[in-house]
Structure formats: structure tokens, C-alpha cells
Amino acid sequence: MATAPPSDEAWTKSIELYCKPSDEELLYEKGEKLAVKAYLAISRLEYSVHVRSNTEFMSPSGVVPIIRVPPLFFCGFNAIANFIELKERSASSLLDSQTTADMKAYISLIQDKLLPAELTKHKYGDNLPSPLNQIIPWLKRQSIIRSLRNRELPIVYSDAKSTIKQVLQALSNRLGTSLRFFDDRLTELDALAYGHLKSIQDCDLLEIRNLLTDYPNLVVFCNNFPVMNNL
Amino acid sequence: MVTMVNLKLKLNLHIKYKNAFDFFLGKMPNQVLVSYPSPVYKNLQYFYLVPLSTRLKNTHVDTIVDTLQETTGKGSSMQGAENEKRGATRLTKLTDCIMYFLSSISSALLYFGVIIIKSAEQQLKNKKIKVHNINIDGLRVTRTDLVQPKIHNVFEAATFEELVKEMYLSKNYLEDLDIFHPVNVFIDAASDKKADPIELDVTFRVRELSRFSAQFKTEVGNQDSRLVIGGKLRNLFGRAEELMGSIAYGAKKSTTLQIITEFGAHSLHFDSVWREIQCLSDRSSWAVREESGHSLKCSIKHAFMRDTRDHSVSPTTGHFIRFEQEHAGLGSLGDTKFHRFFLECQYNKTLPYNIVFSSSLNLGLLASDGQSKISDRFFLGGPLSIRGFQMRGIGPHSEGDSIGGNALWASGLHLISPLPFKPLQGGFGERLRTHLFVNAGNLGHIRSSAIRDSTEELIRGYRWSYGIGLLVKLGVAQLELNYCVPCRAHATDRISPGFQFGVGLSFL
């Protein structure tokens, strides 16, 4: 990843989004993808979608999705949001510093707790031939468990459930009856929250899907997210 | 810049059958003899006579011993003009000899061996003998039908010289099986009293190696290296079968499961390889990045090899042909599908003044419908192929990274000569040679939609280079220091004019 972005505005024409096929994604990867899509949409940027099974391995850090703006590329929601903020196309650039700090706190809350807790090994590695489709998911599972353990986060789903509920409660409180997290403007946090909430809402597992039912205002937020109808 | 590498800890299972050696049996004698044409090698041959002759017991063999002792006396005093002349040449050979075998054989023993034997050479050489019995001692697990055909040629020896030669070769065969160590050979008078006085018994005394062995090694090949940790089960069913399990951590290509069967010049491999392509650098090009990830290749590989060269690295005569075809993705195993063909030819001829003319040609073709990875494709350029270019510096590139092609041709012409004025002759100087070379070749894509056009493009868009260099022979490897002048290159090629250094096992 190079640091210097191209100076002209031509880059906005050639944004490519690389992501996994939707049936091979983990829950949090799907959340990140939807968050990036939402963020690009509220930043009013055009992009083309490229679906690749090996997106995870194309990314140097293993973080998906990838945004490519030749010759640069950025992996994961944070890097992408930073880049777009750098280009002053960010939706949140008009917020005052106190609000920005609040927003970042919520973003890190979602990413640190909700993101690993969302893990399922559902369908991961389906594109690979046997016997790799047994080995690679197992390796992935081990690496995620290791990273959860290092960060002293719950590994067992029932433990994770209470963590998710804490985060959802915090988000629900912040949102209140509004349709935006900060005033009436759409920000990075809206995109990120939408991505992850939507992925929970659309999850195949009933148990995870039911998590949201206790927070009707979050469901309303998801269903009424303005720019997402075309995604 | 290293950008693309298959990096993965891999399990390597390796099963090897060494049964079908018969093809080589007829071929090997020439090869072994010619491969060290220097007088030194002769000394080595006769060196084996020393322990042999001391064990000769019977009367008729005693005469040989007597002759030996007599001539030893003469040889060491070195009387007579002719003897002096021979002594002088002998001395240089001896130096050479010591240099060569210093590490493995006691030089003192060799010294006496050479003196004794050289003088007795004539008498022994043409001594008529007949082999009466061959005994093999020390076979426990090994089946006799594995060993018998290998040493059968010893029966055909008609003179003492032939006998020693055959014994030496048989000993080599047995050692090559990699199941015995050490292998000792003894000659004795025939134990049968009624036997003709010129009849001899030959005894091979072997000790079988233990069935299990572990290894920890690093392998260095053509600009590639890897670390291998493994264990090996040897001589499983008594016919020198091998079952090898290993984990290889390498910078190029690794094998998961490999079964090799050899039928004379043909060999058949079944390979199953789990590859992971990773971009080591953040600056790797997008084209390489798009290839990254896991893949499984299951392939059948057939290779035909014919080698009449006298040495694999610095041949002076003979030719070499190797044709390899690999078919991956048979029966929907794995996610890699391609057909790969590769032909290697080399022809060597010795010209007057000890100059060796060497020419070689490589052709490669990969047919695939997009289900092959960058590691299956061909690359060209570097000190071992087209000199004057950087490693893999020829052909399609993307953002400075070589992305390989599906078709290649490469050729080389060499004129190799010993060093002028022959410094250090008989010693290290023998390992140094100079060469003039011309390389030409190209790497590209042959598109199935326009085969004729893309083939023409491949031929017309050739690259070539020439230069001069120094070659150093180091056992089975060769070291090269060349001054290269790339003459025709494309804009995207990475050239490397001037001095270039290379070390490897095979050269274009």
C-alpha cells in the first residue's frame, strides 16, 4: 500500500471493489462489505464490484473487502474510510471534533467486540477442492480463536452473545428514535453500523437473527437506511 | 524484487521404486568411465586393487602378488629413461589425484596404491581370469532378485582389468540403491578345488542400513532453496522401496504426495501439491495479487530421458534429451487444470584443441483454459537461461513483476575451452574453463484463437545476448561468472548487462 493518493479527480471514476462471493463470506466480512458499500454510497462515489473467491489472500493483511484505485489499494473499512477522508470526500468531514471522537469510539466498539463475536465458520472455504475445504477452514478457525484469545474476547458463542447485546444496547441508546446516529447527517458510523446490523439481520442462523428483535429502533434504522436501496 | 512465492509448510510423502534399473545396466559402464577421462580416474580404478591383491591366497594368484612386489621395487627406484619419463607424468597425476580425493580417501594410502599399481598395470591388465562364484554376504531383508541382476555382469569379465571394472560398477550400483553401507568387494581364488586355476570367487560383503532414518537438510537447486525435515522408511519390502515423509519449507514449489515409478528411460509421477501463493511485498503487482490464495494440483507427470553425456554439468561429448508432460486436473481432482509439455535437448562435441562445442534448446508449452496459476507458467531469463537478463526478466510483465507465459523457446550455443596457458594444470586449474556464448529465446502467450499469429509473434519477438565467461566446476554444480551483452530486448524486459553471476545444476 502506497501512501500518496493520486492528485486529480480521475480516481473517482475507477474505483473497484473486490469482495468474496456472498455465499462464502463470514458474517463479519459481510458486515464490512455492506459497511464499505454504504460508505461509498453516502460519499456519492461510483464503483464497480469484482467478486473473487481469493479476495482474502489478495489482501496483504487478510482483511476484506479491498478497494482498488489504480495503482493504490486499501483493505478493510478503516483504511478505506481514511483514504476517502484524505480525499476530502468524507461524509463526516463537517463534524466537530467532539462528535468525531464519539463516533470513533462507537466504531471501535463495534469492531472490537461485535466483529469477532459475529464469527461463524459457515460455508467458509466452499470454493476450494477437497481436502483443502476441510483444512483451510480449520486453519482459519484456529487463527481467529487465537486472535480472540489474544484480545481476551469470548470464544464461546453463549459468552459472545452477551457482548453483542451490550454493543447493540449502546447503539440503540445512542440512536434513540432518530434515523441517524449524529444529527441528521450520515457518517462513517452510520455506514459501519448499518453494514454489521444488516448482516446480522440477514443472517441464515435464526439465533443470531433474533438478537436484533429486542431493539426495534435498530431494525427501523436498517430498513430505512436511505441510500441502500440499490445495494 | 521477490514478489511471488509459494510459501507453505508442506507434507511431503514420497514413495520410490528402484527396481527397474536394468535399462541402465548396459549403459552405465561407458558413462562412468568416460565421465572422468583424466588419468586420475584410472588411478582410482587401480586403487581398488590394493586391498584386493593382498587377499589373494592360492598359488596361481601368488604369482600375481609376486609380480606386484617385484614391480613395486622397480617402480619406486624408477630406473631407466622410460621409467623416469613415466614417473614425471605420474607425479602430476598424483597431485591431481590427491586434490580430488583428499576428503574421502587417505592420501597416503592412495600414494602407495598408485605407485604399486601403476607399475603392475601391464601384468595385471591382461591376466586371463574366469569368475567361478559370486557370493553376497549380509542380505537380511533384501530380496536376492533385486541384487542378482545388478552384479551378474561380473561373470562376464574375461581379464583382470574387466573384472575390476565390473566389480567397481557393481559396487556402485549396490551403493546407489541407498540401502547398503558399506559395500566391500573381495576377490579370492575359487573355493572349489576342482576349479581351473584361473578361476576366482568374488564376494560382495554388504551391511544393510537401518530401516528408518531421519533427515534434516537444506536443498539448493537452480536459484532455489528449501529446508526439508523428514523421515524415511527404507527397503520396506526388500526391493529398495522407499517411503519418505517430509515437511518442506521452500521458496519455490513443494510436493505433498509423490509416487515415482521408473521404467528405464521413462518415469511416471503422481503429484498432489497444495500451493499457496502469497504476495511477500506490498508493492507486488495487482496481476500477481489476483493469483494469490490456495490451490490444489493433482497431476500425472511422464518424463522420458536419454542421456549419453559424460558429465551432467560439464560434458565434453554426448547428447541429452528430456521430454516431460504433465497433465493436471485429471478426474476433477484439485482445482488446477492444464497440460504442460517441456522439451530439453543438448548436444556436445569436442573440437580440436580441447574446445567443446555445446548447444542446447528448450521448448515449452502450457495449454490451459484459465485454471492454471502463475506457478504453473513458464519464466525465462537469468544467469542459467538467457544470460544478460535478470532472473525471470524476459516476457510479459505487469507493474515490474514478471507474470510468465504459456509458451517458451530458448537456445544456447557455447564454445568452451580450458584456460589459456593452462595455469594450475593438474590441480584446481582443471576445474576452470572459459566459454563464449550466444543465447536466444522468447517467452510469450500462444492464444488458442490465433495460434498461427501468436506463434509467429513468439518467434519474431526473440531476445538474444552474447558474452564471455568463466566456468568453475564444483562436483555436480557449476558456477558461472559472465560478462553479458544483451542485444535485443523488449521495453518491459529487465536486462542485466555486464557481469552476471550464477550457480546451478543445469544450464542453457
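Residues numbered from 1 in each chain as written. Chains lettered and ligands numbered in written order. Predicted model: local features only at pLDDT ≥ 70, side-chain atom pairs only at ≥ 80, totals over all residues. Heavy atoms only, no water.

A. Focus on the overall build of chain A. Each helix and strand counted, chain A has nine helices and four strands in total. The N-to-C order of helical and strand elements in chain A reads β-α-β-α-β-β-α-α-α-α-α-α-α. Expressed as a percentage of the 231 residues in chain A, the buried residues total 51%. Partitioning the contacts of chain A with sequence separation of at least 6, the portion at a separation of at least 24 is 77%. With an accessible surface of roughly 10,800 Å², chain A has 50% of that area assigned to carbon and sulfur atoms. (Helix = DSSP H or I, 4+ residues; strand = E, 2+ residues; numbered from the N terminus. Buried < 20%, exposed > 50% of the residue type's maximum accessible area, 1.4 Å probe, protein only. Contact = heavy atoms within 4.5 Å. Areas by Shrake-Rupley, 256 points an atom, 1.4 Å probe, with all protein chains shown as cover.)

B. Main features of the pattern of salt bridges. In the structure shown here, the tally under the stated rule is 16 salt bridges over all chains. Put simply, B:Arg309 and B:Asp307 hold a salt bridge, and the shortest N to O gap is 3.0 Å. Overall, the relative accessible area of 8% leaves B:Arg309 in the buried class. The structure contains a network of salt bridges with shared partners spanning A:Glu16, A:Arg68 and B:Glu399. (Salt bridge = Lys/Arg side-chain N within 4 Å of Asp/Glu carboxyl O.)

C. Local environment of the interface of chain B and chain A. Contact residues are listed per partner, giving 16 residues for chain B and 19 residues for chain A. For the pair chain B and chain A, the summed buried surface comes to about 1,500 Å²; carbon and sulfur atoms form 64% of the total. At the junction of chain B and chain A, the tally comes to two salt bridges. Between A:Arg68 and B:Glu399 there is a salt bridge, with its nearest N and O atoms 3.9 Å apart. Across the contact surface, chain B and chain A share seven residue pairs in polar contact (both at pLDDT 80 or more). The set of elements that each furnish at least two residues to the side of chain B that touches chain A consists of β10 (266–279), α9 (286–289) and β11 (293–307) of chain B. It is β11(B) that provides the largest number of residues to the side of chain B that touches chain A, a total of four residues. (Buried area = accessible area lost by both parts, 1.4 Å probe. Polar contact = N/O pair within 3.5 Å; in protein donor to acceptor, adjacent residues only side chain to side chain.)

D. How the structure looks around the sheet that holds strand β4 (residues 180–189) of chain B. Residue and element names in this part refer to chain B. Across the sheet, which stays open at both edges, the three strands sit in the order β3-β5-β4 with mixed pairing between neighbours. A single partner strand is all that each edge strand has here, and the edge strands are β3 (130–137) and β4. Each adjacent strand pair in this sheet contributes to an overall mean axis angle of 15°, direction not counted. Two elements, β3 and strand β5 (residues 199–208), share seven bridges in a ladder whose sense is parallel. Within β5, the residue paired with valine 131 across the bridge is leucine 200. (Pairing = 2+ DSSP bridges. Axes fitted to C-alpha atoms, helices over the stretch in contact; angles between N-to-C directions.)

E. Representation of the sheet that holds strand β1 (residues 16–19) of chain A in the model. Residue and element names in this part refer to chain A. Taken in spatial order, the four strands of this open sheet run β2-β1-β3-β4, and their pairing is mixed. Looking at strand neighbours, the two that pair on one side only are β2 (48–51) and β4 (72–75), the edges of this open sheet. Strand-to-strand twist of the sheet, defined as the mean angle between neighbouring strand axes without regard to direction, takes the value 25°. Summarising the sheet, β1 and strand β3 (residues 66–69) pair through three bridges and their orientation is antiparallel. The residue bridging leucine 17 from the neighbouring strand is isoleucine 67, located in β3. In the packing of helix α3 (residues 76–86) onto the sheet, the strands contacted are β3 and β4, and the crossing angle to β4 comes to about 135°.

F. Focus on the pairing of strand β19 (residues 463–474) of chain B. All names here are of chain B. Direction of pairing for strand β18 (residues 432–444) relative to β19: antiparallel, over a ladder of ten bridges. What sits directly across from arginine 433, in β19, is leucine 471. Relative to strand β20 (residues 477–488), β19 is paired through eleven bridges, and the arrangement is antiparallel. Counterpart to leucine 470 in the pairing with β20 is leucine 481. Counted along the chain from β19 to the antiparallel partner β20, the turn is two residues long, and its residue glycine 475 has a positive phi close to 65°.

G. Summary view of the nonpolar core. If you look at the biggest cluster of nonpolar residues, it comprises 45 residues, and the most contacted ones within it are A:Ile67, A:Phe77, A:Leu168, A:Phe181, A:Leu197, A:Leu218 and A:Phe221. Here A:Phe181 is in contact with A:Leu171, A:Arg174, A:Leu175, A:Leu189, A:Asp190, A:Ala193 and A:Phe221, once residues within four sequence places are set aside. (Core = buried A, V, L, I, M, F, W, Y, C linked by side-chain atoms within 4.5 Å.)

H. Quick look at the confidence of the model for chain B. Residue and element names in this part refer to chain B. Mean pLDDT over chain B stands at 71; residues scoring 70 or higher make up 68%. Counting interchain partners and residues more than four positions distant, the pLDDT-below-50 stretch residues 1–93 has 191 contacts. When the criterion is pLDDT under 50, residues 252–259 qualifies, and its contacts beyond four places in sequence or with other chains add up to 37 contacts. Across the whole predicted complex the pTM is 0.64, and at the interface the ipTM reaches 0.77. (pLDDT = per-residue confidence, 0-100.)

I. The arrangement of a nonpolar patch on the surface in detail. All names here are of chain B. Where nonpolar side chains cluster on the molecular surface, the patch consists of Leu351, Leu415, Leu436, Ile468, Leu470, Leu481, Tyr483, Phe499, Phe501 and Val503 and spans about 900 Å² of accessible area. Breaking the nonpolar patch down by element, the ones donating at least two residues are β19, β20 and β21 (498–504). Among the elements that line the nonpolar patch, the one with the most residues is β21, at three residues. Structurally, the position occupied by leucine 470 is in strand β19. (Patch = residues over 30% accessible without salt bridge, like charges linked within 9 Å, V, L, I, M, F, W, Y side chains within 5 Å.)

J. Spotlight on the confidence of the model for chain A. Counting all residues, the mean pLDDT for chain A is 76, and 78% of those residues have values of 70 or more. Mean pLDDT across the secondary structure elements of chain A bottoms out at helix α4 (residues 97–117) of chain A, with 66, and peaks at β2(A), with 91.

K. Structural context of the side chain of B:Asn439. Residues and elements named next belong to chain B. For asparagine 439, the position within the fold is in strand β18. Of the polar contacts made by the side chain of asparagine 439, one reaches the side chain of arginine 387; its length is 3.0 Å. Excluding residues that lie within four positions of it along the chain, asparagine 439 makes contacts with Ser385, Ile386, Arg387, Ser411, Gly412, Arg463, Trp464, Ser465 and Leu508.

L. Just helix α9 (residues 216–223) of chain A, in detail. Along α9(A), the residues classified as buried are A:Asn217, A:Leu218, A:Phe221 and A:Cys222. Buried residues of α9(A) fall within an arc of 140° about the axis and therefore sit on the same side. (Arc of directions from axis to C-beta.)

M. Here's a closer look at the side chain of A:Asn54. Position of A:Asn54 relative to the elements: it lies in the loop between β2 and α2 (55–58). Judged by relative accessible area, which is 14%, A:Asn54 ranks as buried. Here A:Asn54 is in contact with B:Glu290, B:Glu291 and B:Ser292, once residues within four sequence places are set aside.

N. Summary view of the environment of B:Gly370. For B:Gly370, the position within the fold is in the loop between β14 (355–367) and β15 (397–398). Sequence-wise, B:Gly370 and B:Lys337 are 33 residues apart; in three dimensions their C-alpha atoms are separated by 8.1 Å.

O. Representation of the environment of A:Arg68 in the model. As for its position among the elements, A:Arg68 is in strand β3. For A:Arg68, a relative accessible area of 14% corresponds to the buried category. Distance in space between the C-alpha atoms of A:Arg68 and A:Glu16 is 5.0 Å, their sequence separation being 52 residues. Aside from chain neighbours lying at most four places away, what touches A:Arg68 is A:Ser14, A:Ile15, A:Glu16, A:Tyr18, A:Phe73, B:Trp286 and B:Glu399.

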